[in-house]
Amino acid sequence: MNHLRGAILFVAAAFVQWWWSAHWSFWGLSPQILLVLTMTIAARRGPNAGMGYGFLWGLFLDTLQPRLFGANAFALMLTGYGTGMARRQIDVVDALSQCLLVLLMSWGYFLVLGLLGMVFVKSFWWAGWGAFLCDPLYNCCMIPAASVCWQWLRSRP
Amino acid sequence: MHRDIRVSNYILAAFSALSLTMLSLPLSAPVRAFKACALYLSDPLAFYGIRGAQRMADIPAGTARLLSADMANVRLEAQLRDAAWLKTELEVLRTENRRLTQALSLRAAPGYAPIWAGVMERDPLHWYDNIMVDAGSERGVRLNAPVFGDRDGALVAVGRVTEVRRDSAIVMLLTDELSSLAAYLSTAAVDGLVQGQGGPRLRMNYLHSEAVLAAGDLVYTSPTSATFPGDILVGRIAALNPRDPFLTFQSAEVDLAVDAAKLSHVMILRPRTPGEALEAASAKTEASAAPPVKADKPGPPEKADKSGPLAKADKPGPPAKADKPGPPAEAAP
């Protein structure tokens, strides 16, 4: 994947995440597309690419919120690192293992955000039980779409 | 392989240091500069995204409007003929209003004008905290400006502006945990402080311990509010909390008048531009030059200090401020 495709992927994914959050949220729930894509990239390209994309997408999410600038960048970067390291131990491209990993990483993402809130603004940055329980499942549904997106990008001449 | 792991660890350390620096020193100059760069790069995505989406959504509606334009044109031409007389009548009434206002020593209406803005983005993880709107400093949005929503054609309080950017602004909703607002109950005539809880409901604290409250009472913004004009609907009492014998006040749960999840457009009050202010000043001069009217009963009226552009004269007025303990001041965001 050359730099141009990478830039297109970055902008398109950020746009889709924003669009889904703004227009298609259902009961305040929307999938964390950027988290799933970070994991997809880390699973296929390794931790370095995953961390890079995760950090930049996290910065994008941070600019949409007024508080804790850097929290999403940190959490998504950790997600990319964790997935990239896990690919050395397990087959993270397999659908089932990827689902399990997305579930774990989604909950880990919430916990990291909460802990960062506790450390930096003295209150646990809690996303709510609805998001905590439903978003990981929602994220799992996004795995096939992320895989297709990746295959499509790879198959372009 | 080990080299790869070592490189990954170095990158992890570098990104972690950068993130934690941004988190721990949010007000330092380098972090603010970095944030400004990130905003400069990412804001157009949301801003032009919503513009494009609106344009796409307007295509079917635009076609329908085109078909009905001729009918509307005929009707509007007829109304336009009547408008000349209405304009003249309005000018006469406005002049009379200025003259009477001057004669009764009423304070002039605060210099605000409305800005309608669309909701661009909201964070699904913190649904009740804030929203981003597509109006920023270029359209005159100011920090702490009050923000209103629409409910059956009437304006209701929604939140306040906490961050202003060039083309967008972030609005802290009343439901945010950091939000608070001075308000009063219409039926019990008591002041209180409405505070967000991070959920769909608000909590109204510091209500007088002897006041008789009932579910369904309407809650309005208090004229003592530092941000909002008085008498704007906030919501209604949903439930009364059990009385705590160790507290000297009561509290109640408040349902918002407008569902924060359904907001698509909001109205922000902005200060008048210099041109508008100049026009208002010249109008005042003109009014003072007019012959004074002798008032039968001199003295300020009951609500002399509350003349906001949105104040409604037919609503029940708030209780007097001097004869009972007032609520604490609103917390700054």
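**Quick look at the overall build of chain A**
- Counting its regular elements, chain A contains 7 helices and 0 strands.
- Taken from the N to the C terminus, the helices and strands of chain A come in the order α-α-α-α-α-α-α.
- When each of the 157 residues of chain A is scored for burial, the buried share is 45%.

**A short note on the overall build of chain B**
- Within chain B, the secondary structure is distributed over 3 helices and 12 strands.
- Per-residue burial for chain B yields a buried fraction of 30% across its 333 residues.
- A separation of at least 24 residues holds for 65% of the contacts in chain B among residues at least 6 apart in sequence.

**A closer look at the nonpolar core**
- In terms of nonpolar packing, the biggest core is built from 100 residues, with V133, V171, V194, V234 and V266 of chain B touching the most fellow members.
- With 9 residues, the top contributor of residues to this core is helix α2 (residues 33-45) of chain A.
- Two domains each put at least three residues into this core: domain 1 (2-69) and domain 2 (114-272 + 309-333) of chain B.

**Here's the deal with helix α1 (residues 3-23) of chain A**
- The terminal C-alpha atoms of α1 of chain A lie 30 Å apart, and with 21 residues this matches the ideal 30 Å at 1.5 Å per residue to within 8%.
- Among all positions in α1 of chain A, only A13, A14, Q17, W18, S21 and A22 of chain A are buried. Here the buried residues of α1 of chain A occupy an arc of 155° about the axis, which is enough to place them on one side. Turned more than 90 degrees away from the buried face of α1 of chain A sit L4 and R5 of chain A, all of them exposed.
- Buried residues belonging to α1 of chain A abut α2 and α3 (47-63) of chain A together with α2 (29-103) and β1 (112-122) of chain B.

**Comments concerning the interface of chain B and chain A**
- Contact residues are listed per partner, giving 33 residues for chain B and 34 residues for chain A.
- When residues of the side of chain B that touches chain A are assigned to their parent elements, the largest contribution, 11 residues, is made by helix α1 (residues 2-24) of chain B.
- Taken together, the residues of the side of chain B that touches chain A sort by class into 19 nonpolar, 9 polar and 5 charged.

**What about unusual backbone geometry?**
Residues and elements named next belong to chain B.
- The backbone of N144 sits at a positive phi, close to 70°, despite the residue not being glycine.
- Structurally, N144 can be placed in the loop between β2 (130-133) and β3 (146-151).
- With a phi angle near 60°, Y206 is a residue other than glycine that sits in the positive phi range.
- By the secondary structure assignment, Y206 is in strand β8 (residues 201-208).

**Let's talk about the pairing of strand β6 (residues 180-185) of chain B**
All names here are of chain B.
- Of all 6 residues making up β6, 6 are buried, and the element is well covered by its neighbours.
- The alternating pattern of β6 places S180, A182 and Y184 on one face and L181, A183 and L185 on the opposite face, and all of these are buried.
- Examined bridge by bridge, β6 and strand β7 (residues 191-196) share 5 bridges and lie antiparallel to one another. Opposite A182, over in β7, you have L193 as the bridge partner.

**Brief notes about the confidence of the model for chain B**
Residues and elements named next belong to chain B.
- Scored by pLDDT, chain B has a mean of 78; 79% of the residues are at 70 or more.
- Per-residue pLDDT stays below 50 along residues 290-329; that stretch engages in 60 contacts with residues further than four places along the chain or on separate chains.
- Per the prediction output, this complex has pTM 0.54; the corresponding ipTM is 0.84.

**Quick word on the environment of F69 of chain A**
All names here are of chain A.
- Residue placement: F69 occurs in the loop between α3 and α4 (71-86).
- For F69, a count of 22 C-beta atoms within 10 Å gives the class buried.
- Residues F69 and L59 lie 10 residues apart in sequence; the distance between their C-alpha atoms is 7.7 Å.

**Considering the pairing of β2 of chain B**
Residues and elements named next belong to chain B.
- Of the two faces of β2, the one lined by N130 and M132 and the one lined by I131 and V133 are each fully buried.
- In terms of strand pairing, β1 meets β2 through 3 bridges, oriented antiparallel. For R122, the partnering residue across the bridge sits in β2 and is I131.
- Here β2 runs beside strand β5 (residues 169-173); their pairing, made up of 4 bridges, is antiparallel. By the bridge assignment, I131 is partnered in β5 with V171.

**Examining the environment of R51 of chain B**
- Relative to the elements of secondary structure, R51 of chain B occurs in helix α2.
- Here the alpha-carbon distance between R51 of chain B and M120 of chain B, two residues 69 residues apart in the chain, equals 9.4 Å.

**Considering α1 of chain B**
- Compared with an ideal rise of 1.5 Å per residue, which puts 23 residues at 33 Å, α1 of chain B spans 32 Å between its outermost C-alpha atoms and is within 8% of the ideal.
- Inspection of α1 of chain B places L12, F15, S19, M22 and L23 of chain B among the buried residues, and these make up the whole buried set.
- Taken together, the buried residues of α1 of chain B touch α3, α4 and α5 (95-121) of chain A together with α2 of chain B.

Criteria and cut-off values
- Residues numbered from 1 in each chain as written.
- Chains lettered and ligands numbered in written order.
- Predicted model: local features only at pLDDT ≥ 70, side-chain atom pairs only at ≥ 80, totals over all residues.
- Helix = DSSP H or I, 4+ residues; strand = E, 2+ residues; numbered from the N terminus.
- Buried ≥ 20, exposed ≤ 12 C-beta atoms within 10 Å, placed from the backbone.
- Contact = placed C-beta atoms within 7 Å.
- Core = buried A, V, L, I, M, F, W, Y, C linked by C-beta atoms within 7 Å.
- Domains from an automatic or database assignment.
- Expected span 1.5 Å × (residues − 1).
- Arc of directions from axis to C-beta.
- Nonpolar A, V, L, I, M, F, W, Y, C, P; charged D, E, K, R; others polar.
- Pairing = 2+ DSSP bridges.
- pLDDT = per-residue confidence, 0-100.

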